[in-house]
Protein chains: 2
Amino acid sequence: MIAEIIAVGNEVVDGSVINTNASFLGEALSQQGITVRYHAAVPDEEAAMREAFATAGRRANLVLVTGGLGPTVDDFTLEIAADYFGKPLVMHEPSLARLRRFFEILQRPITANQEKQAMLPEGATVLENPVGTAPGAYYQHEGVHFAFFPGVPKEMKAMYRERFLPILEKFSGGGEIRLMKVLRCFGLPEGQMDDRLRADLQGRLGLLGTEVGFRVRFPTIDVRLVAKARDATEAMRALREAEQVLRQRLQDCIYGEGEDELSTVAVDLMKKNSFRLATAESCTGGLLANQLTDIPGVSEIFLEGVVTYSDASKIDLLGVKPETLRAHGAVSAEVALEMARGIAARSGAEVGIALTGIAGPGGGTPEKPVGTVHIAIVHPGGEWQHPYFFPLGRDRFKSLAAATALDRLRKILSPAAG
Amino acid sequence: MIAEIIAVGNEVVDGSVINTNASFLGEALSQQGITVRYHAAVPDEEAAMREAFATAGRRANLVLVTGGLGPTVDDFTLEIAADYFGKPLVMHEPSLARLRRFFEILQRPITANQEKQAMLPEGATVLENPVGTAPGAYYQHEGVHFAFFPGVPKEMKAMYRERFLPILEKFSGGGEIRLMKVLRCFGLPEGQMDDRLRADLQGRLGLLGTEVGFRVRFPTIDVRLVAKARDATEAMRALREAEQVLRQRLQDCIYGEGEDELSTVAVDLMKKNSFRLATAESCTGGLLANQLTDIPGVSEIFLEGVVTYSDASKIDLLGVKPETLRAHGAVSAEVALEMARGIAARSGAEVGIALTGIAGPGGGTPEKPVGTVHIAIVHPGGEWQHPYFFPLGRDRFKSLAAATALDRLRKILSPAAG
């Protein structure tokens, strides 16, 4: 089954609204094992809509349309659709009654415009709107399934889940099962990831009926495995086998699955070890603390963080020695280590992380160019420090430096990954 | 001029990625007075891409394509495009040289995959990538302008603005003049904004040939003014008059224009006043420091920040009195003030900002429910503190609390806005 998703609305094509409906429906259909092959967006114009319906009817056998079901003058999606189906638009009495009740409750008069929302193409199945006024419609035309949803994301989602999904499951049943797994990775650039996977993997995984793809979510990369099979057992076996191959290839670059973040994985490991954490940041300017404190319940293990932008603050807050600063400069392995030791000692945390570097655009020198960063971690098992070079612009520098610190912390805390 | 925007990528059609590129380009083209009539998204498949190019070439005279320019095997947009144009794909030597330099700087070997990115359809104009490796391309085919951009939003945007816009302005000139101004606002919820503007503004601005609209970019709101006229003088006059009306209506809710952020406006004011800043955060967990340190050159005025998650750290790092914590609790006006005083005194900064609150989901009590936050600012002109209640979920709570602190700082530093 091939699906196409069409958004109707000037506000979508002119960019005033981001078309999140398309991604929601794309994902929802993919989960049903349906291949979404096209998205389209057209303005509130008869000719454009008509062409979009005809094109979709030709190249897909499931067409989901969002938008243009409301009470305003530029809402006429179902009018054009009815015309395209060669059917008149007729009043759907139960929907009209529902609409009238709704306005009675609000104690507002109902207008003709509002009542127009209850008109559907003759023969269509109504899709009730669980959270709003405009009903949707489902209609089969020349073997192609069409469904129409409101453009308001909340209404569209509720209608899809509660009203359309049961219908969809009936006519799309019996197809192939499609299982997906996302492995989240860090530490290999996109090009190297591709090289490492391509050589022997695409062929091998292909044999198992499994597809592999990846998506950069800087600074991490998602590797997505999709297994398709006739039944769930077969799909699960294919997925498991493919995952094993991938895990061998990517080893400790894989830091988690699904929605895992480097920060959530590191915090979980801290909790498992009953360690508490404190951070000392210079160049990342609080990004690391901010990522950690996005996690509910992190106060269990996160005690404090400091952002020591000035030399004076490194001395005052962290006890970095003035002579270390003089001899090696603020961006050095020595200062990073003293920062990590300082924050651990001051806070009483078992683990101290420190970063010092040059985010740029200013502040670089020939010896220490913009992009230089030293990361240090002190922990019950010892001390670790390493220099890095990320000449990527201020935002990406901060983000990659913080991720590198979290990834190292994860490896220190999970000896298997070390 | 009619435009179509095409996104290429499995991750778009299957919904794993929201197609924000389409809305950015839709808006950008609309600003140029170009009518965007279609969006399309297709998978990384030759037939689908070819059909999309042909359809767009038939119904639009400007086609912008995003995605599929990278180094991986599923990146072959330009290959299909070249074939559609009836041209071979040829190596663009300056781009290749640029790519090689990039890898030299990173001290990493360049692979054949990477080099492939420098190949363009013969006769195409290169669009350099100001922030990444893959160049884009512009090509005119049978009177239709085609431009190809990377799928990574940051790269696409930079390339559009810096490389494509000058080309576009050359061939799209001659229509009506369309000027836009964005006023960035904070402090009024969407509904109130609507009420305040609607009553007398929409009519009045309409008379001036000016449209007003707004878009929520939580926690701020952009008010957009668009003036259309036959010539630039008239459009500028309309825009200026409309802006005056809006400024009267919205007063000190307007904190900036265009790309201004609350943080950049506050930092500029700090620099103007020659004040230095230090932050003490509890519930925002480093978000405020992180936003400040995203600004290049902030080290001139930002000395240090602390994230005092535990009571012990509030005492140790900020000198908050244990008896204040006992008497009023960590989330209180008294503790917020002591935190602000503490960080200012410790750092020697003229301005100290402190936030203490309950981000949730845990930690609330009947007296101090989740969402409670106290903000305090000490500055050369005095001390300020205020309680707020933002029961919006952890992320939005942090973001709104940090924005509120920055907005207050801005008002303190610019007496006119006070």
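The structure we're discussing is the one just above.
Rules and cut-offs
- Residues numbered from 1 in each chain as written.
- Chains lettered and ligands numbered in written order.
- Predicted model: local features only at pLDDT ≥ 70, side-chain atom pairs only at ≥ 80, totals over all residues.
- Heavy atoms only, no water.
- Patch = residues over 30% accessible without salt bridge, like charges linked within 9 Å, V, L, I, M, F, W, Y side chains within 5 Å.
- Areas by Shrake-Rupley, 256 points an atom, 1.4 Å probe, with all protein chains shown as cover.
- Salt bridge = Lys/Arg side-chain N within 4 Å of Asp/Glu carboxyl O.
- Helix = DSSP H or I, 4+ residues; strand = E, 2+ residues; numbered from the N terminus.
- Buried < 20%, exposed > 50% of the residue type's maximum accessible area, 1.4 Å probe, protein only.
- Contact = heavy atoms within 4.5 Å.
- Buried area = accessible area lost by both parts, 1.4 Å probe.
- Polar contact = N/O pair within 3.5 Å; in protein donor to acceptor, adjacent residues only side chain to side chain.
- Nonpolar A, V, L, I, M, F, W, Y, C, P; charged D, E, K, R; others polar.
- Pairing = 2+ DSSP bridges.
- Arc of directions from axis to C-beta.
- Axes fitted to C-alpha atoms, helices over the stretch in contact; angles between N-to-C directions.

**Q** Help me understand a nonpolar patch on the surface, please; the structure alone is not making it clear to me.
**A** Residues B:V216, B:F218 and B:L392 make up a contiguous nonpolar surface patch of roughly 210 Å² in combined accessible area. Relative to the elements of secondary structure, B:V216 occurs in strand 10 (residues 210-217).

**Q** How should I be thinking about the pattern of salt bridges in this particular structure?
**A** With the rule as written, the count across this model stands at 52 salt bridges over all chains. The residue A:R410 makes a salt bridge to A:D407 at a minimum N-O spacing of 2.8 Å. Taken as a pair, A:R410 and A:D407 lie in helix 15 (residues 394-413) at a separation of three residues, close to a single helical turn. As far as burial versus exposure is concerned, A:R410 and A:D407 are alike and both buried. For B:E243, the salt bridge is made with B:R247, and the minimal N-O distance between the two is 2.9 Å.

**Q** Looking at this structure, how should I read the interface of chain A and chain B?
**A** One widely used convention gives an interface's size as the accessible area the parts lose upon coming together. Contact residues are listed per partner, giving 70 residues for chain A and 68 residues for chain B. Of the roughly 5500 Å² buried at the junction of chain A and chain B (both faces included), carbon and sulfur atoms supply 49%. The interface formed by chain A and chain B contains eleven salt bridges. A salt bridge links A:R346 to B:D316, with the shortest nitrogen-to-oxygen separation between them at 2.8 Å. For the pair chain A and chain B, the interface holds 36 residue pairs in polar contact (both at pLDDT 80 or more). When the residues that make up the side of chain A that touches chain B are grouped by side-chain class, the tally is 27 nonpolar, 22 polar and 21 charged. Taken together, the three bridges between strand 2 (residues 35-42) of chain A and strand 2 (residues 35-42) of chain B define a ladder with antiparallel strand orientation. When the bridges of strand 2 of chain B are listed, A:A41 appears paired with B:H39.

**Q** When you look at helix 12 (residues 311-318) of chain B in this model, what are you seeing that I'm missing?
**A** Residue pairs three or four apart in sequence face the same way in an α-helix, which turns once every 3.6 residues. Residue and element names in this part refer to chain B. Within helix 12, burial applies to S313, K314, L317 and L318. In an axial view of helix 12, the angular spread of the buried residues amounts to 105°, which keeps them on one side of the axis. In the stretch just after helix 12, G319 is the one whose phi turns positive, near 70°.

**Q** Honestly, the sheet that holds strand 1 (residues 2-8) of chain A in this entry has me stumped. Any pointers?
**A** Working definition: the strands of a sheet are paired by backbone hydrogen bonds and lie parallel or antiparallel to each other. Read from one edge to the other, the open sheet built from twelve strands follows the order 6(A)-7(A)-8(A)-3(A)-1(A)-2(A)-2(B)-1(B)-3(B)-8(B)-7(B)-6(B), with strand pairing classed as mixed. Only two strands of the sheet have a single neighbouring strand rather than two, namely strand 6 (125-127) of chain A together with strand 6 (125-127) of chain B. Sheet twist, expressed as the average angle between the axes of neighbouring strands with direction ignored, equals 20°. Pairing analysis gives five bridges linking strand 3 (residues 62-66) of chain A to strand 8 (residues 144-149) of chain A, with the strands arranged parallel. Residue pairing in the sheet places A:L64 in a bridge with A:A147 of strand 8 of chain A. The sheet strands contacting helix 4 (residues 77-85) of chain A are strand 1, strand 3, strand 7 (136-141) and strand 8 of chain A, and the helix crosses strand 8 of chain A at an angle near 165°. In the packing of helix 7 (residues 153-172) of chain A onto the sheet, the strands contacted are strand 3, strand 6, strand 7 and strand 8 of chain A, and the crossing angle to strand 8 of chain A comes to about 165°.

In short, geometric facts, not functional conclusions.
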